[in-house]
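Take a look at the letters that make up each chain.
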Amino acid sequence: MPAEEGQPDDQPRVTGQVPPPAPTTGLEQILPGRPPLPHAEEKGAFFVYQRELAPGTRLEQYEIIRVLGSGGFGITYLAKDLFLNRNVVIKENFPSRYSYRDPLTGHIRPNNEHDLENYTWALKSFLSEAQTLAELNNPGIVRILSVFEANGTAYFAMEHITGLSLDYLGEKLHSTGHRYTEDELKGLLTRLLRILDYLHSRHIYHRDIKPGNILLTEEGTPVLIDFGAARHALKLHAATVLTTQGYSSPEQALGKTNIGPWSDLYSVGATKTQIAMENDVVPKIKLLFEGHTILHSRLAQLNEMERILREVQSDVLLLKNIVASHSGDIRMLKRRRIGN
């Protein structure tokens, strides 16, 4: 990688390579007809492969500080808004199963033509998450600041919430032999239910409520994060199954489309039970889910076998009818054979 300003000259670098020209088409080729996103200024070239953007990378007015988290569909960074002089969280669309980062340019590209359709679906879901967040204005929901295009993919910037996740806090409490008090749990649940009431009144369902997706601020306010699975009621027919064992509702785990407020409430109940009992409940819920899923699979197999059996019985009956309708011809053929 070319040495940056302030680095000694003996740093390893690659010479004699010229980065390929920037592509003449952007996301408009993948998602035709949508309003264009602003393009971030692209600086330099990538000469060493790395999955995450390096600290110091510039995107619009933001500068990457470090990676906060990485999953199958994207990477989350802590970044600095150089214009407003504040920290933000930036989420990058990077479905690693269907795409890769070009080591020369840093661009995200579909693996091949076959994966282009899946990459397009992931990109649409990513932008849908941004649109969902942009519609919301509640202190218990992380707020989106901007959406932009760079490196052949999309990004959105969110406010940086100073707080700790409930799963981290739960582990710390458990390690010291403490648990939440009844009053603390009641206060937490009351605030969570108010956030859900706000979401559900707008027909939006989070679909991935769990301790890891709930931050507790220094003031004790819970904040819901990670709306990657959230869907509007009108879009649920196209929703993909994204579940977390032990927290997702049965209808989500079985891939059903009858998702509603009850699905989020189930997840809140599982979350409350987990943080109240700590480490004792979720493994049992997971076993229950696994058993339920296996049973559902066996029932589906039995139903399929029953359907095949009915088809065979129908074919046998049809053959019998054919034979019966030609019984006279068969007897005549037998007489001729005997006569010969």
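In what follows, the structure referred to is the one given above.
Residues numbered from 1 in each chain as written. Predicted model: local features only at pLDDT ≥ 70, side-chain atom pairs only at ≥ 80, totals over all residues. Heavy atoms only, no water.

Caption draft 1: Layout of the overall build of the protein. Per the secondary structure count, the protein includes seven helices and 13 strands. For the protein, the proportion of its 340 residues judged to be buried stands at 36%. Considering only contacts within the protein whose residues lie at least 6 apart along the sequence, 57% involve residues at least 24 apart. In the form shown here, the protein has an accessible surface area of approximately 20,200 Å², with 55% of it arising from carbon and sulfur atoms. (Helix = DSSP H or I, 4+ residues; strand = E, 2+ residues; numbered from the N terminus. Buried < 20%, exposed > 50% of the residue type's maximum accessible area, 1.4 Å probe, protein only. Contact = heavy atoms within 4.5 Å. Areas by Shrake-Rupley, 256 points an atom, 1.4 Å probe, with all protein chains shown as cover.)

Caption draft 2: Summary view of the sheet that holds strand β7 (residues 144-150). With antiparallel pairing, six strands are arranged side by side in an open sheet as β1-β2-β3-β4-β8-β7. Each having just a single partner strand, β1 (58-59) and β7 make up the two edges of the open sheet. As judged from the eight bridges shared by strand β3 (residues 74-81) and strand β4 (residues 86-93), these two strands associate in the antiparallel manner. Counted as the bridge partner of T76 is K91 from β4. (Pairing = 2+ DSSP bridges.)

Caption draft 3: Representation of the environment of Y100. In this structure, Y100 sits in strand β5 (residues 99-101). A relative accessible area of 34% places Y100 in the partly exposed class. Sequence spacing of Y100 and P110 is 10 residues, and the spatial spacing of their C-alpha atoms is 6.5 Å. Setting aside its immediate chain neighbours within four residues, Y100 contacts F94, H107, I108, R109, P110 and N111.

Caption draft 4: Highlighting the environment of I275. Tracing the chain through its elements places I275 in helix α5 (residues 261-277). Of the residues examined, I275 reaches a relative accessible area of 5% and is grouped as buried. Along the primary structure I275 and L185 are separated by 90 residues, whereas in three dimensions their C-alpha atoms are 8.7 Å apart. Those residues within four positions of I275 in sequence are excluded, and the remaining contacts are L166, Y180, L185, L188 and P211.

Caption draft 5: Spatial organisation of the sheet that holds strand β11 (residues 214-217). The strand order across the open sheet built from three strands is β9-β11-β12, with neighbouring strands paired in antiparallel fashion. The sheet is open, and its two borders are formed by β9 (163-165) and β12 (222-224), each paired with just one other strand. Averaged over all pairs of adjacent strands, the angle between their axes in this sheet comes to 35 degrees, without regard to strand direction. Each of β11 and β12 is contacted by helix α3 (residues 182-200), which is oriented at about 35 degrees to β12, the strand it contacts most. (Axes fitted to C-alpha atoms, helices over the stretch in contact; angles between N-to-C directions.)

Caption draft 6: Geometry of the packing of aromatic side chains. Counted under the stated rule, the structure contains four aromatic pairs. For the pair F148 and Y155, a centre-to-centre distance of 5.4 Å together with 10 degrees between the ring planes defines the contact as stacked. Clustering of aromatic rings is evident, with ring pairs tying together Y62, F148 and Y155. The cationic tip of R51 hangs over the ring face of F94; the distance from NZ or CZ to the ring centre is 4.8 Å. (Phe/Tyr/Trp six-rings, centres within 6.5 Å; stacked < 30°, edge-to-face > 60°. Lys NZ or Arg CZ within 6 Å of the ring centre and 35° of its normal.)

Caption draft 7: Layout of the side chain of H206. Counting through the fold element by element, H206 comes out in the loop between β10 (204-205) and β11. For H206, a relative accessible area of 0% puts it in the buried group.

Caption draft 8: Up close: the pattern of salt bridges. Counted under the stated rule, the structure contains four salt bridges. For the salt bridge of D102 with R109, the shortest nitrogen-to-oxygen distance reads 3.1 Å. Of the residues examined, R109 reaches a relative accessible area of 26% and is grouped as partly exposed. (Salt bridge = Lys/Arg side-chain N within 4 Å of Asp/Glu carboxyl O.)

Caption draft 9: Looking closely at the environment of D102. On the secondary structure map, D102 appears in the loop between β5 and β6 (108-110). Residue classification places D102 among the buried positions, given a relative accessible area of 13%. Residues D102 and N151 lie 49 residues apart in sequence; the distance between their C-alpha atoms is 9.3 Å.

Caption draft 10: The nonpolar core, seen in detail. Membership of the largest hydrophobic core comes to 34 residues, with the highest contact counts inside it found for L133, I141, L199 and L224. Elements supplying a minimum of two residues to this core: α1 (113-134), β8 (153-159), α3, β11, β12 and α5. At seven residues, the largest contribution of residues to this core is made by α3. If you look at the next biggest cluster of nonpolar residues, it comprises 17 residues, including Y62, Y98, I108 and Y155. (Core = buried A, V, L, I, M, F, W, Y, C linked by side-chain atoms within 4.5 Å.)

Caption draft 11: Structural context of the packing of α3 against α5. Between α3 and α5, the least distance of the axes is 11 Å, while the angle of their chain directions is 160 degrees. Taken together, α3 and α5 sit at an angle that is classed as roughly antiparallel. The chirality of how α3 crosses α5 is right-handed. On the side of α3, the interface is formed by L185, L188, L189, L193, L196 and H200, while α5 contributes P261, D264, L265, V268, K272, I275 and A276. Grouping the amino acids of the contact of α3 with α5 by side-chain chemistry returns 10 nonpolar, one polar and two charged. (Parallel < 35°, antiparallel > 145°, perpendicular 65-115°, else oblique. Left-handed = near helix turned anticlockwise from the far one by under 90°. Nonpolar A, V, L, I, M, F, W, Y, C, P; charged D, E, K, R; others polar.)

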